[in-house]
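# Descriptive analysis of the structure
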Amino acid sequence: MTTIHGYARLGRVSTEFISWSQMIQRCCNPNNRAYQDYGGRGIFVCVEWLKSFSSFLLHIGMRPGPGYTVDRIDNDRGYEPGNVRWATWKEQQRNRRGNRLLTFRGETHCIIEWAEITGLRKSTIRERLHRGWSIDLTLTVPAVHNRAKTHCAHGHAFTPENIYSNKHHKRLCKTCRDERKLQFVAARVADSDLEVTA
């Protein structure tokens, strides 16, 4: 099999050529299912690469290995020199335009990266933020074993304002703690009233 670009492998079109071709389809073909997220929102392929696979390959180089695909470094720019690289699926997930970035103690990372740094699950971080927790509490309060638990045994919601952790990092309810204190004080007052009347 002969190919124009000269990078066929064992009679098959190269992976690099397929990536180049798919890149053009996403940006230039309105019938492509991914067009709305690429060409439809102004993502383009530079003229030089549109005309020449060899120019594209000269810039980006051969794919480093299986699992790598073409990735734009800045998701709001097109496929052009300086903005394209080979990246793994994991790297691309961190570089999505829909990622929420969190800044904490001078560092900015996406949720996936904060999960790796803190040891928390991604779902735990997302759920805490959804409930209105501050970034500080979200990333510093240790995870509890029962992550699905949203209320204490007495039905009080576990909100950032209504929880505290004991020395074993167990999540506890402030409302229950305050109610126990009030009951204790009320019992002491009742006992002292009995002693006075006796």
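In short, a report on the structure.

Within the structure shown, the criterion is met by 6 aromatic pairs. Note on tryptophan 49 and phenylalanine 56: the rings are 5.3 Å apart at their centroids and 80° apart in plane angle, and the pair reads as edge-to-face. We classify tryptophan 49 as buried; its relative accessible area is 1%. Using a relative accessible area of 0% as the deciding quantity, one classes phenylalanine 56 as buried. Geometrically, the ring pair formed by phenylalanine 53 and phenylalanine 56 is tilted, given 6.3 Å between the ring centres and 40° between the ring planes. Of this pair, phenylalanine 53 and phenylalanine 56 both sit in helix 3 (residues 53–60), separated by 3 residues, roughly a single helical turn.

Of all hydrophobic cores here, the largest spans 16 residues; its most connected members are Met23, Val45, Trp49, Phe56, Val70, Tyr79 and Val84. Residue assignment for this core shows that the elements contributing at least two residues are helix 1 (15–28), helix 3 and strand 2 (84–88). Of all hydrophobic cores here, the second largest spans 9 residues; its members include Leu102, Ile111, Ile125 and Leu129.

This part covers helix 1. Along its 14 residues, helix 1 runs 20 Å from first to last C-alpha, staying within 8% of the 20 Å computed at 1.5 Å per residue. Along helix 1, the positions that sit buried rather than exposed are Glu16, Ser19, Trp20, Met23, Ile24, Arg26 and Cys27. Here the buried residues of helix 1 occupy an arc of 165° about the axis, which is enough to place them on one side. Those residues of helix 1 that are buried lie in contact with helix 2 (47–51), helix 3, strand 1 (68–72) and strand 2.

Okay, the layout of surface pockets next. Approximately 690 Å³ is the volume found for the largest pocket. In terms of lining, the largest pocket is formed by 26 residues, of which the most central are Arg26, Tyr38, Arg72, Tyr79 and Gln92. At the level of secondary structure, the elements contributing two or more residues to the lining of the largest pocket comprise helix 1, strand 1, strand 2 and helix 4 (89–94).

Cut-offs applied
- Residue numbering note: each chain is counted from 1, following its sequence as written.
- The predicted origin of the model limits local features to residues at a pLDDT of at least 70 and limits the giving and counting of side-chain atom pairs to 80 or more, whereas totals for whole chains, interfaces and linings rest on all residues.
- Working from all heavy atoms in the structure, the side-chain values ignore hydrogens and water.
- For this analysis, a ring pair means two rings from Phe, Tyr or Trp (six-membered ring only for Trp) whose centres lie within 6.5 Å, classed as stacked if their planes differ by under 30 degrees, edge-to-face if by over 60, and tilted for the remaining angles.
- Exposure classes here rest on a 1.4 Å probe applied to the protein chains alone. A residue is buried below 20% of its type maximum, exposed above 50%, and partly exposed in between.
- A run of DSSP states H or I qualifies as a helix once it reaches four residues; a run of E qualifies as a strand once it reaches two. Both are numbered from the N-terminal end.
- Only buried residues count toward a nonpolar core. Its members are Ala, Val, Leu, Ile, Met, Phe, Trp, Tyr and Cys residues joined through side-chain atoms within 4.5 Å.
- One fewer than the residue count of a helix, multiplied by 1.5 Å, yields its expected span.
- The arc under discussion is defined with respect to the helix axis, by the directions toward the C-beta atoms.
- Only heavy atoms matter for contacts: two residues are in contact if any of them lie within 4.5 Å across the pair.
- The definitions used throughout rest on a 1 Å grid laid over the protein atoms alone, on which a cavity is an enclosed set of points accommodating a 1.4 Å probe that cannot get out and a pocket is an open set flanked by protein within 12 Å on both sides along at least five of seven lines; lining residues are those having an atom within 4 Å of a point.
- Grid points are joined across faces, edges and corners, and a volume is the space filled by probe spheres set on the points.

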